[in-house]
Amino acid sequence: MRTVLRSIACSLVALWTTVGSGAAEEGKSARMVFESYTHDFGKIREADGDVSHVFRFRNSGTLPLVIQSVGVSCGCTYPEFSKEPVLPGGRGEMKITFDPTNRPGRFEKVISIACNDPRGNIRLTITGEVEGRPRTIQEDYPYDVADGLRIADRSLILGTLPRGRATVRTVGIANSGKAPVRIGIDATGLPAWLTARPVKTVLAPGERSEIRLTLDATRADLWGKYRYCFGLIVGGEKQPDPVEVTAIFAEDFSGLSRTELQRAPRADYSSFFYHFSDQPQGKLLRREFQISNGGERDLIIRHIGPTSDRIRARTDRTVIRVGETATLTVTLDTKGARGRLYEGLTVVTNDPTRPAREIRVLATVIE
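The text that follows walks through the structure, step by step, so that each part is easy to find. (Residues numbered from 1 in each chain as written. Predicted model: local features only at pLDDT ≥ 70, side-chain atom pairs only at ≥ 80, totals over all residues. Heavy atoms only, no water.)

## A few points about the pattern of salt bridges
Spelled out, the test is: Whenever a carboxyl oxygen of Asp or Glu lies within 4 Å of a side-chain nitrogen of Lys or Arg, that contact is scored as a salt bridge.
In this structure the tally under the stated criterion is 20 salt bridges. One connected set of salt bridges, linked through shared partners, spans E46, R133 and E139.

Following this line, the structure appears as structure tokens:
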């Protein structure tokens, strides 16, 4: 009997689809109506695992209701539903499951349902607050250094920082061992404006702390991208794997008013990447990029910094008037290179929204 009903429902859907405009003229349509469009899970514990809620709906329209797709705002949320048509007056369910793993704190997730209801997508919302489970030192500090010392990250990308000011950042460290561990910093490769110091030089077993980085841009004329490394000293022994620090310096826009920001210059780039494909060794490759000013004030190119001596760039102007365009010519030298050659440069402007942008070029060098 269930198979017969399913066949009848599918035939009705096909019939109404064929009639199409005729049915629309008569004002017939499917209508998806939920008992509730939101659900609050309240406080849940990460350790307890997934939580689910069933949203119930009915088709209050005059045509069969067909769910075409369901979109979610996060991979932590997944729906379960039937794709069988729901006949007029019929009812259905949609089960929504949320995975709280590694998601402590408040959450709000949106589920968007595409169906043949002419009102458009239907939105469901789930909310709640996750009480995180206690995390181990190994989870929070995944990189093993030595003698139980662990660090949260070995590659610190600090983003765009203001020139003329001192900025402080930290990276977490912890002692996962059973004995105290003594920590030091090998700052041999650091410039005078960048310092790295442990908040505590001795960590007890199970203790967590930080290494404090100070980037003092008042001590140097800094523009563009900088990358440096410092070493870790554990128990008096210098460790082989360094910690890398990357930062980009641009002008300080913190003093601009809302009106000044709205009327600021805007750098629009023709592209940020070009592939030269296969190229012979020793050839000098060139590519032009355009930078246009889509803002309301003069756009100024403050700095162009290459990643290495293999790549060079020049521009036909450094001040770009409103509505005008500058040409940036990038040259890539393949001399002595083999295989994949990937280089780039950082362009710094007075665009307060995105003051630093990276342009990359790639070539496969064939001998």
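After that view, the rundown keeps rolling.
## Considerations on the state of the cysteines
By definition, a disulfide links the sulfur atoms of two cysteines through a covalent bond. The line we're drawing: Two cysteine sulfur atoms form a disulfide, by the criterion used here, when they sit within 2.5 Å. Each residue's exposure class comes from its accessible area (1.4 Å probe, protein chains only) as a fraction of the maximum for that residue type: buried when under 20%, exposed when over 50%, partly exposed otherwise.
Under the criterion given, the structure shown has one disulfide. Shown here is the disulfide that connects C74 with C76, its sulfur atoms set 2.5 Å apart. Torsion about the S-S bond of the C74 and C76 cystine: about 135°, corresponding to right-handed handedness. Per residue, the accessibility class of C74 equals that of C76, and both read buried.

## Details of the sheet that holds strand β1 (residues 32-34)
Selection rule: Paired strands, as defined in this entry, are two strands with at least two bridges between them according to DSSP. Helix and strand labels come from DSSP, where a helix needs a run of H or I of at least four residues and a strand needs a run of E of at least two; each type is numbered from the N terminus. To get an axis, fit a line to the C-alpha atoms, keeping to the stretch in contact for a helix; angles then go from 0 to 180 degrees between the N-to-C directions.
Spatially, β1-β3-β6-β5 is the arrangement adopted by the four strands of the open sheet, whose pairing is antiparallel. Looking along the sheet, the strands with just one partner apiece sit at the ends: β1 and β5 (77-81). Neighbour-to-neighbour, the strand axes of this sheet turn through a mean angle of 30°, independent of strand direction. With three bridges joining them, β1 and strand β3 (residues 51-59) adopt antiparallel strand pairing. Counterpart to M32 in the pairing with β3 is N59.

## Some points on the side chain of T127
The condition that has to hold: Polar contacts, as used here, are pairs of N or O atoms within 3.5 Å; protein pairs need one atom able to donate a hydrogen and one able to accept it. Residues neighboring in sequence count only if both atoms are side-chain atoms. Contacts were defined at the residue level, with two residues in contact if any of their heavy atoms lie within 4.5 Å.
Looking at where T127 falls in the secondary structure, it is placed in strand β8 (residues 122-131). Among the residues examined, T127 registers a relative accessible area of 16% and is labelled buried. Reaching out from T127, the side chain makes a polar contact with the side chain of D40 at a distance of 3.3 Å. Not counting residues within four places of it along the chain, the set of residues in contact with T127 comprises H39, D40, F41, G42, R106, F107 and E108.

## Quick look at the sheet that holds strand β9 (residues 143-146)
Sheet architecture is open: five strands sit in the order β9-β10-β12-β16-β14, paired in antiparallel fashion. Edge positions in the open sheet fall to β9 and β14 (194-198), since each of these has one partner strand only. On average, each strand axis in the sheet is tilted by 30° relative to the strand beside it, whichever way the strands run.

## Observations concerning the packing of aromatic side chains
Rule in force here: Whether two aromatic rings pair depends on their centres lying within 6.5 Å, for rings of Phe, Tyr and Trp, where Trp uses its six-membered ring; planes under 30 degrees apart make the pair stacked, over 60 edge-to-face, and the rest tilted. Definition used: whenever NZ (Lys) or CZ (Arg) falls within 6 Å of the ring centre and also within 35 degrees of the ring normal, the charge is taken to sit over that ring.
Counted according to the given criterion, the structure contains 10 aromatic pairs. When the centroid spacing of 6.4 Å and the interplanar angle of 85° are considered together, the rings of F34 and F55 count as edge-to-face. Pair noted here: F34 is in strand β1 and F55 is in strand β3, with a separation of 21 residues, a long-range link. A centroid spacing of 5.1 Å and a plane angle of 40° characterise the contact between Y269 and F272, whose relative ring orientation is tilted. These aromatic residues form a ring-pair network of at least three members: F34, Y37, F55 and F57. The residue whose ring lies beneath R340 is Y342, and the NZ or CZ to ring-centre distance is 5.0 Å. Across the ring face of Y342, the terminal group of R360 is positioned such that the distance to the ring centre comes to 5.3 Å.

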